[in-house]
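Breakdown of the fold
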Amino acid sequence: MSVCSPTLSPISPAAAMMTIEQINEQIQNNNLQVDSDLLKRAADFCARAHHGQETADGRDHLQHSLEIASILTRLKVDETTLIVGILHDSLLAGRATKEELRNEFGDEILHLVETGNKISNIPYRQSNRQQVESFRKMFVAMARDLRVILVYLADRLSDMRNIGNRREQDQQAYARETLEIYAPLANRLGISWLKGELEDLSLKVLEPEKYEALAQKISAHKEERGEYVATVRDKICALLEENNLKGEVTGRFKHFYSVYRKMERTGVGLDQIYDLTAFRVLVDSVRECYEVLGLVHATWKPIPGRFKDYIAMPKTNMYQSLHTTVIGPYAKRMEIQIRTREMHRIAEEGVAAHWKYKENGAVAVTGRDDQRFNWLRQVLEWQRDVSTERNSSDVSSIDLFPEEVYVFTPNGDVKELPQGACPIDFAYAIHTDVGSQCVGARINGKLCPIKTELKNGDIVEVLTSAHQTPSKDWLSFVKTSKARNKIRHWVKTEQRERSIEMGRELLEKELRKHQYSLKRAMALKSFSQAVDELGFKSADDIFAAIGYGKLSAGQIVSHALPKDEQKALPGKASALGKVLKKITRRKPQSAILIGGIDNVMVRFANCCNPLPGEPVTGFITRGRGLAVHAVDCPQVQASDPDRRIDVEWDMQRKTTRPVKLQVLCSDVKGMLVGISGAIADADANIVSASVHARGDKKGRNLFEIDVENLEHLNRVIREIKKVKGVTKVERIRN
């Protein structure tokens with residue numbers, strides 16, 4: 001039995017100078033099949049393409065590319081992926097052409113380099129639509145070839161290791177993007193070490209003071225924890241030997257970011273977190289995993305609710321392991337992970353451990369592996385959700401990497417759903433018709449509302465009725481893309497049918513004024529010409545446009561009837577035009593600009609309370625003016641898209657908007673004074689304040705303040721977070 005030493009989890013330093021010889025050595029150590037001559041040619045090509053150029057953080061481009069190759073060797077990628085990693089930016093340098101790259105390395109490598117270039121250098125959060133487009137390109141690239149994403153994850157890790165050399169104002173945005181997109185993506189691909197390092201590097205940039213304080217505290221007790229790890233490790237090794245089991249035991253301290261997240265979530269200090277140490281046991285078979293689990297539980301008392309069986313129910317990123325938390329020596333909590341060596345390989349390499357390649361280079365997965373890539377099909381379904389420009393801003397707030405819950409059908413089949421899913425999501429996961437006809441559900445044998453949030457292990461029985469149809473209200477609480485798409489499709493179809501019927505009636509009524517029936521008018525050649533001239537494909541499209549209020553029946557008549565048979569009737573505005581006319585004022589009263597329309601009465605929606613600087617959209621209400629919503633507001637997402645118009649903030653107009661903040665803090669003397677002072681230091685005015693003591697020496701405070709814009713609000717939040725004893729600050733939307 002081999003026993004490994006404990007390891008600490010601080011982030012890696014910036015990579016040292018790499019050489020092609022070192023890359024070749026790493027290739028041999030990882031048993032990869034790579035042509036050394038091809039690797040040398042790729043490095044030479046990269047050097048020529050980037051001669052005299054530096055990266056954004058001041059490094060030589062060839063060094064950057066070799067660092068990427070070094071990271072990719074740890075992922076044990078194929079030869080093609082390694083070459084693409086070295087050449088990934090060669091075309092962007094402007095000194096190499098596609099023809100040169102194709103002639104030197106072939107069509108496949110050229111295609112992968114071009115695919116990667118399409119998803120690079122896209123501004124993050126400059127606007128919601130650009131952000132969504134970035135995601136879409138990334139996911140489409142994944143669908144075609146996951147190797148592109150591995151290259152760009154390695155590229156991101158190389159950049160983050162050297163982020164200290166970038167301009168200070170660029171570091172925050174880059175680290176935030178890494179934390180919100182790339183680290184979760186690495187997690188979804190099952191590459192745990194890469195995820196952990198990206199998170200720690202991001203934390204060091206985003207919260208430098210907290211990171212350094214955490215590092216110092218952990219280092220201060222390094223020797224003490226090292227002794228504790230050695231004691232426990234020896235005990236587990238002894239248990240294995242006594243029971244004739246062979247395995248490897250390692251002890252480690254948790255990643256800084258996971259410790260930081262737990263401190264933020266629970267509001268406690270490092271001294272109050274008892275499971276900083278985790279142990280990993282690697283054995284040969286699944287049977288031995290459960291045998292070791294039994295030995296651990298017989299030796300140390302397990303903590304109820306802290307056992308997770310990811311072997312029986314693997315995570316969507318293919319991760320398998322047994323996790324348990326027990327009361328170890330000296331009454332300290334410790335986590336123990338038990339898995340086979342193959343499971344550990346998958347946990348380290350993730351998706352790269354599973355794919356196979358077809359002759360054309362595309363990824364092929366079959367059998368059980370195909371189920372493991374179900375999450376990828378889900379994000380592809382999501383990217384189809386944003387296929388139109390209008391809807392792109394609506395879905396930009398969808399959580400791309402949600403946690404999962406595992407629930408059961410009455411027959412014992414497992415359904416995997418995102419956290420927060422409800423019985424409607426479960427019903428649509430079974431079949432579209434089951435979802436559309438869902439009227440209720442029994443969860444663990446009890447009747448529950450369709451809004452009930454499902455939890456791990458729930459047994460769900462769906463109740464249906466042939467008379468039930470989907471409701472637009474469901475969009476406010478369903479979580480899965482499938483449920484959302486099916487509900488939207490039904491609502492849109494239903495609204496269209498109603499609009500066609502209404503439009504037909506309105507047109508028939510208008511035609512009667514000219515002594516025409518609808519049937520007679522539709523038989524005219526001029527009616528068919530009117531359909532084409534107005535850009536419609538069929539008469540039903542005309543009726544729907546009238547029903548939606550986009551066109552008036554009079555406008556259709558003026559196009560469809562012969563001129564000499566039209567009576568002189570006063571023209572009428574469209575329904576939408578009437579609404580706009582009713583809400584018109586003489587002077588603009590807000591900091592909102594409406595494309596092509598002036599003097600409109602504007603109000604801000606209470607459901608999302610948007611601030612200047614946030615992406616917004618306008619919704620034409622009936623008689624109450626133009627309601628301005630945040631683009632990701634669930635209420636506007638479920639609204640009629642034909643009543644939405646594009647609006648933007650007039651950033652030249654100085655104005656203030658009220659916003660509510662909830663501040664969680666320690667209940668100590670002087671806390672309210674400190675928070676109020678922080679708000680004042682940020683030049684914000686307190687409109688009202690509500691203070692509540694929770695009885696556990698914690699306080700919950702609700703402030704309503706006036707701020708100028710989103711940047712001002714963020715400054716206020718940063719100032720409040722600096723107050724000693726404040727554990728959490730969050731904006732309350734309504």
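1. Focus on the overall build of the protein chain
In terms of regular secondary structure, the protein chain is built from 29 helices and 23 strands. Taking all 734 residues of the protein chain together, the buried fraction comes to 49%. Taking the intrachain contacts of the protein chain between residues at least 6 apart in sequence as the baseline, contacts between residues at least 24 apart amount to 67%. For the protein chain, the accessible area works out to roughly 36,900 Å², and carbon and sulfur atoms hold 47% of it.

2. Concerning the environment of Ala-560
If you trace the backbone, Ala-560 turns up in helix 25 (residues 553-560). Residue Ala-560 is classed as buried on the basis of its relative accessible area, which comes to 4%. Sequence separation between Ala-560 and Leu-524 is 36 residues; the distance between their C-alpha atoms is 7.8 Å. In this view, Ala-560 contacts Leu-524, Ser-526, Phe-527 and Ala-530; residues no more than four positions away in its chain are not counted.

3. Observations regarding the packing of aromatic side chains
Taken as a whole and judged by the stated rule, the model has 6 aromatic pairs. In this structure, Arg-156 is placed above the aromatic ring of Tyr-174, and the distance from its NZ or CZ to the ring centre is 3.9 Å.

4. Details of the pattern of salt bridges
Counting across every chain of the model gives 23 salt bridges. Residue Arg-147 pairs with Asp-78 through a salt bridge whose shortest N-O separation is 3.1 Å. Within this pair, whereas Arg-147 is found in helix 8 (residues 146-161), its partner Asp-78 is found in the loop between helix 3 (61-74) and helix 4 (79-87), the two being separated by 69 residues in sequence. Across the pair, exposure class does not vary: Arg-147 and Asp-78 are buried alike.

5. Looking at the sheet that holds strand 21 (residues 685-693)
An order of 21-22-20-23 is seen for the 4 strands of this open sheet, with the pairing classed as antiparallel. At either end of the open sheet lies a strand with only one pairing partner, and these are strand 21 and strand 23 (726-732). Averaged over neighbouring strand pairs, the angle between their axes works out to 20° when direction is ignored. As judged from the 10 bridges shared by strand 20 (residues 657-666) and strand 22 (residues 698-707), these two strands associate in the antiparallel manner. Bridging from a neighbouring strand, Ser-666 pairs with Lys-698 of strand 22. Sheet contacts for helix 28 (residues 671-681): strand 20, strand 21, strand 22 and strand 23; angle to strand 22, the most-contacted strand, approximately 25°. Helix-sheet contacts for helix 29 (residues 710-721) involve strand 20, strand 22 and strand 23, and the interaxial angle to strand 23 is about 160°.

6. Details of empty space enclosed by the protein
Overall, the coordinates contain 1 cavity of 30 Å³ or more when judged by the stated rule. In this structure, the largest cavity encloses a volume near 40 Å³. Around the largest cavity, the lining residues are Ile-218, Arg-225, Phe-253, Lys-254, Val-259 and Leu-276.

7. Regarding the nonpolar core
Ranked by size, the top nonpolar core spans 71 residues in total, and within it Leu-39, Leu-72, Leu-87 and Phe-105 carry the most contacts. The element contributing the most residues to this core is helix 8, with 10 residues. Excluding residues that lie within four positions of it along the chain, Leu-72 makes contacts with Val-77, Thr-81, Leu-82, Gly-85, Leu-150, Val-151 and Ala-154. Val-229, Trp-300, Leu-322 and Ile-336 belong to the second largest nonpolar core, which has 25 residues in total.

8. A closer look at helix 25
What helix 25 keeps buried is the set Ala-553, Ile-556, Val-557 and Ala-560. Each buried residue of helix 25 sits inside an arc of 100° when the element is viewed along its axis, so together they form one side.

The rules we used
- Residues numbered from 1 in each chain as written.
- Predicted model: local features only at pLDDT ≥ 70, side-chain atom pairs only at ≥ 80, totals over all residues.
- Heavy atoms only, no water.
- Helix = DSSP H or I, 4+ residues; strand = E, 2+ residues; numbered from the N terminus.
- Buried < 20%, exposed > 50% of the residue type's maximum accessible area, 1.4 Å probe, protein only.
- Contact = heavy atoms within 4.5 Å.
- Areas by Shrake-Rupley, 256 points an atom, 1.4 Å probe, with all protein chains shown as cover.
- Phe/Tyr/Trp six-rings, centres within 6.5 Å; stacked < 30°, edge-to-face > 60°.
- Lys NZ or Arg CZ within 6 Å of the ring centre and 35° of its normal.
- Salt bridge = Lys/Arg side-chain N within 4 Å of Asp/Glu carboxyl O.
- Pairing = 2+ DSSP bridges.
- Axes fitted to C-alpha atoms, helices over the stretch in contact; angles between N-to-C directions.
- 1 Å grid on protein atoms, 1.4 Å probe; cavity = no way out; pocket = protein on both sides within 12 Å on 5 of 7 lines; lining within 4 Å.
- Points joined across faces, edges and corners; volume = space filled by probe spheres on them.
- Core = buried A, V, L, I, M, F, W, Y, C linked by side-chain atoms within 4.5 Å.
- Arc of directions from axis to C-beta.

Purely geometric stuff here, so don't read any function into it on its own.
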